[in-house]
Amino acid sequence: MKGTLTIFRREVSALFQSPLAWVLLAVSLALSGWIFVAVLEESGGSVKASLAFAGGGSKVYWMIMLFLPPLLTMRMISEEARNGLLEFLLTAPVSDGAVVLGKFLAAWFFMAVMWSSSLVYALVFEVVGSAPDWPPVVGGYIGALLVSALFCALGLLSSAAFKTPALSAFVALSGSIGILFLPALAGLFEFGWLGDTVAAVDILAHFHRSFLIGVVDSQVLLFFLAWAGFFLFLAVRIVEAKRWN
Amino acid sequence: MGLAAAHCLPLPPVISVQHLTRRFGSLTAISDLSFEIEQGEVVGFLGPNGAGKTTCLRILAGFLPATSGGASVAGFDVLKESLEVRRRIGYLAETVPLYNDQRVEEMLGFQGQLHSLSRSERARRIPAVLERVGLLDRRRQMVGHLSRGLRQRVGLAVALLPEPEVLILDEPTSGLDPLQRIEVRGLIQELALEHTVLLSSHILPEIEAVCPRVMILSEGRLAADGTHAQLVETLGGGSCVRFEAALGAEVQDAQRLLAGIPGAQRVDDRGRLGIHHCFDIQCDEDLREDIGALAAQRGWALRELSWQKPTLEELFARIALGFDGDRTGPTGASTEESPPPGSAPVQIDGCPSGTGGLGEKPTSGGDFLNPFNS
């Protein structure tokens, strides 16, 4: 889409110019690095176990996964709608879709950069001589990208829907937590078909059954991309609706 | 207006608005607005806050869709061919939206990319527009560190960068101090020589100084449309000669004699000030010489003899706000001629100033730039 790349570049440079992004990056990398080293020591130097932890097996991993996308996306539309920059973008010769997509890609790119630390760990093992099992590492990275895409899209939708960044971040975080843990909660009780439906969108199950064993199932791939696309579509519609009121 | 314009200029109008209506819920922001703007015209939207100026400009800029009616810019429909329209306009919103975390030239580079300008075109145009707005020496400064006046200039540079056919400026001088206002006004006057410009303001001197053609909006309707001189001539009718002299016992005679001067429509008695008596002689032509001769002949000691025309401010007050202001001005006696707000627009049939030149005087006595532009 024309203009997407322009918006993407502008958002990425804005992200990497803001202190917030660097703080998030530093804290996330420090936490995951600490976990990684801790697991490595505890497991007596098990490459497989420590990489599995770095690639989706730890609570810290999911904390980062839940908190970062809302914080990255919260300002992207809500703040621009308030300070008039959205009006500037929407009167530029680019479509509403390109504006939303460019912003989404910027947030997603940031997440991709951050998760690449797990690849770096694996690479270090490769270099120092203890070759890691690459399929789960790469699968885990792809999984991280897909879940990040879903949560970034949700964050952007929330940023489009709510007027203040704080509210947007809160709603997006709540939504992400819901998506992540509702299936687990539903599994505890007997809900019939509803429970089955909820169980079908179990991200954690997808993650453990597919990516962490190094299998990237096209069905699972489609599942994440379709949901992310759906959230983005809604975000575009909300931006369009902003023209009407 | 359109027909008359067609005789003067063969080009189709750059902006054409037909029966445009926009509602926000139960509020009607603009109602059945129709007008055309020719290539090279400089038009000022005048109206009190909430008259619908911004709404109209936003529709033309492709930001807001209309509830009904249509508008086209450079021959493209603002709703159906929005992207084509947006390519051809430079729109500066009132808030001057700019990325504070970018440098001036980065902001312009971003705008250039949005308009798909090639790298070489950007390299050529960015220094050119910065030079134009006088910011070449500040191109490395962060936008967020600039003063309000400089921001406004960056905003203008951003709007100008794609070399748009039409410049749409919403309240371009709002929030500026008087010096910055004069600067920005001068800049707009320069731009007016090269572009079709539509700007809005609720500040009258602004419009008077910059725009040969004025559209007065009131409660979402077009209350008047024409050059300042045309508005004054057609709507005003309130030109008069103010005559103040020591008349002694001849007040009644003087009033009769003044009323008898050819061209004098009515003589209003403004009362006595000390030994002097004041009359306003309503007339379309300047009768000062005749009145002066009469005074000399009768031996009246003159204190004041002046030709007074209604200012745009008075017209604006009358048309847009529906009241006559204080009655000190020469328009005081002609309230009955002003249309009530919300009535059909007063169309001044005449050729719009096609060249957009400032100070153009389509009719006699239209030297409207002087009172405020000095």
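Predicted model, so just to flag it, every value in this text is computed and none were measured. (Residues numbered from 1 in each chain as written. Chains lettered and ligands numbered in written order. Predicted model: local features only at pLDDT ≥ 70, side-chain atom pairs only at ≥ 80, totals over all residues. Heavy atoms only, no water.)

A word on the overall build of chain B
Of the regular secondary structure elements, chain B holds 13 helices and 15 strands. Looking at chain B residue by residue over its 374 residues, the buried ones come to 54%. Taking the contacts inside chain B whose residues are at least 6 apart along the sequence as the reference set, 70% of them involve residues at least 24 apart. Accessible surface, chain B as shown: approximately 15,400 Å² in total, 51% of it carbon and sulfur. (Helix = DSSP H or I, 4+ residues; strand = E, 2+ residues; numbered from the N terminus. Buried < 20%, exposed > 50% of the residue type's maximum accessible area, 1.4 Å probe, protein only. Contact = heavy atoms within 4.5 Å. Areas by Shrake-Rupley, 256 points an atom, 1.4 Å probe, with all protein chains shown as cover.)

Digging into unusual backbone geometry
For His19 of chain B, which is not a glycine, the phi torsion comes out positive at approximately 45 degrees. Relative to the assigned elements, His19 of chain B resides in strand S1 (residues 15-24).

Description of the pairing of strand S7 (residues 166-170) of chain B
Residues and elements named next belong to chain B. Burial runs high along S7: five of the five residues are buried. Burial along S7 is two-sided: the residues Val166, Ile168 and Asp170 and Leu167 and Leu169 are all buried. Note: strand S6 (residues 89-92) against S7, four bridges, orientation parallel. Bridge pairing in S7 places Leu92 opposite Leu169. A crossover connection joins S7 to the parallel strand S8 (residues 196-201) through helix H7 (residues 178-192); in handedness this β-α-β unit is right-handed. (Pairing = 2+ DSSP bridges. Right-handed = clockwise from strand over helix to strand, strands pointing away.)

Focus on the side chain of Arg243 of chain A
Residues and elements named next belong to chain A. Residue position: Arg243 is located in the segment after helix H11 (218-242). Residue Arg243 is classed as buried on the basis of its relative accessible area of 8%. There is a polar contact of 3.3 Å between the side chain of Arg243 and the backbone oxygen of Leu90. (Polar contact = N/O pair within 3.5 Å; in protein donor to acceptor, adjacent residues only side chain to side chain.)

Observations concerning the nonpolar core
Among the nonpolar cores identified, the biggest contains 151 residues, and Ile15, Phe35 and Leu60 of chain B are the most heavily contacted of them. The element best represented in this core is helix H7 (residues 134-161) of chain A, accounting for 14 residues. Excluding its chain neighbours within four sequence positions, the residues that come into contact with Leu60 of chain B are Ile15, Val17, Phe35, Ala71, Val73, Val78, Val85, Ile89, Ile168 and Leu198 of chain B. Core analysis: the next-biggest nonpolar cluster, separate from the first, contains 18 residues, Phe243, Ala245, Ala295 and Trp300 of chain B among them. (Core = buried A, V, L, I, M, F, W, Y, C linked by side-chain atoms within 4.5 Å.)

So, the interface of chain A and chain B
Contact with chain A, which involves 24 residues of that partner, is made by 28 residues of chain B. Interface area for chain A against chain B, summed over the two sides, is near 2,500 Å², with a carbon-plus-sulfur share of 58%. Between Arg58 of chain B and Glu87 of chain A there is a salt bridge, and its shortest N-O distance comes to 2.9 Å. The tally of links from chain A across to chain B stands at 10 residue pairs in polar contact (both at pLDDT 80 or more). (Buried area = accessible area lost by both parts, 1.4 Å probe. Salt bridge = Lys/Arg side-chain N within 4 Å of Asp/Glu carboxyl O.)

Remarks on helix H2 (residues 19-42) of chain A
All names here are of chain A. Helix length check: H2 (24 residues) gives 34 Å between terminal C-alpha atoms against 34 Å at 1.5 Å per residue, within 8%. Among the residues making up H2, those that are buried are Ala21, Leu24, Leu25, Ser28, Ser32, Gly33, Ile35, Phe36 and Val39. Check the buried side of H2 and you find it contacts helix H1 (4-17), helix H3 (47-57), helix H4 (59-83) and helix H6 (96-128). In the stretch just after H2, Gly44 is the one whose phi turns positive, near 70 degrees. (Expected span 1.5 Å × (residues − 1).)

Examining the packing of H3 of chain A against H6 of chain A
Residue and element names in this part refer to chain A. With their axes 9 Å apart at the nearest point, H3 and H6 run at an angle of 165 degrees to one another. With respect to each other, H3 and H6 are oriented roughly antiparallel. In this structure, H3 meets H6 at a crossing whose hand is right-handed. Side by side, H3 and H6 meet where Val47, Ser50, Leu51 and Ala54 of the first sit next to Ser118, Tyr121, Ala122 and Phe125 of the second. Split by residue class, the contact of H3 with H6 holds six nonpolar, two polar and no charged. (Axes fitted to C-alpha atoms, helices over the stretch in contact; angles between N-to-C directions. Parallel < 35°, antiparallel > 145°, perpendicular 65-115°, else oblique. Left-handed = near helix turned anticlockwise from the far one by under 90°. Nonpolar A, V, L, I, M, F, W, Y, C, P; charged D, E, K, R; others polar.)

What to know about the pattern of salt bridges
Using the criterion set out here, one finds 27 salt bridges over all chains in the structure. Between Arg10 of chain A and Asp101 of chain B there is a salt bridge, with its nearest N and O atoms 3.0 Å apart. Separated into two different chains, Arg10 of chain A in helix H1 and Asp101 of chain B in the loop between S6 and helix H4 (104-114) make up a pair that spans both. Under the relative-accessibility criterion, Arg10 of chain A is labelled buried at 7%. What makes Asp101 of chain B partly exposed here is its relative accessible area of 26%. Close ionic contact of Glu190 of chain B with Arg132 of chain B constitutes a salt bridge, the shortest N to O distance being 3.1 Å. Of this pair, Glu190 of chain B sits in helix H7 while Arg132 of chain B sits in helix H5 (residues 119-132), and the two are 58 residues apart along the sequence. Judged by relative accessible area, which is 38%, Glu190 of chain B ranks as partly exposed. Within the structure, one salt-bridge network assembled from shared partners comprises Glu84, Arg87, Arg88 and Glu165 of chain B.

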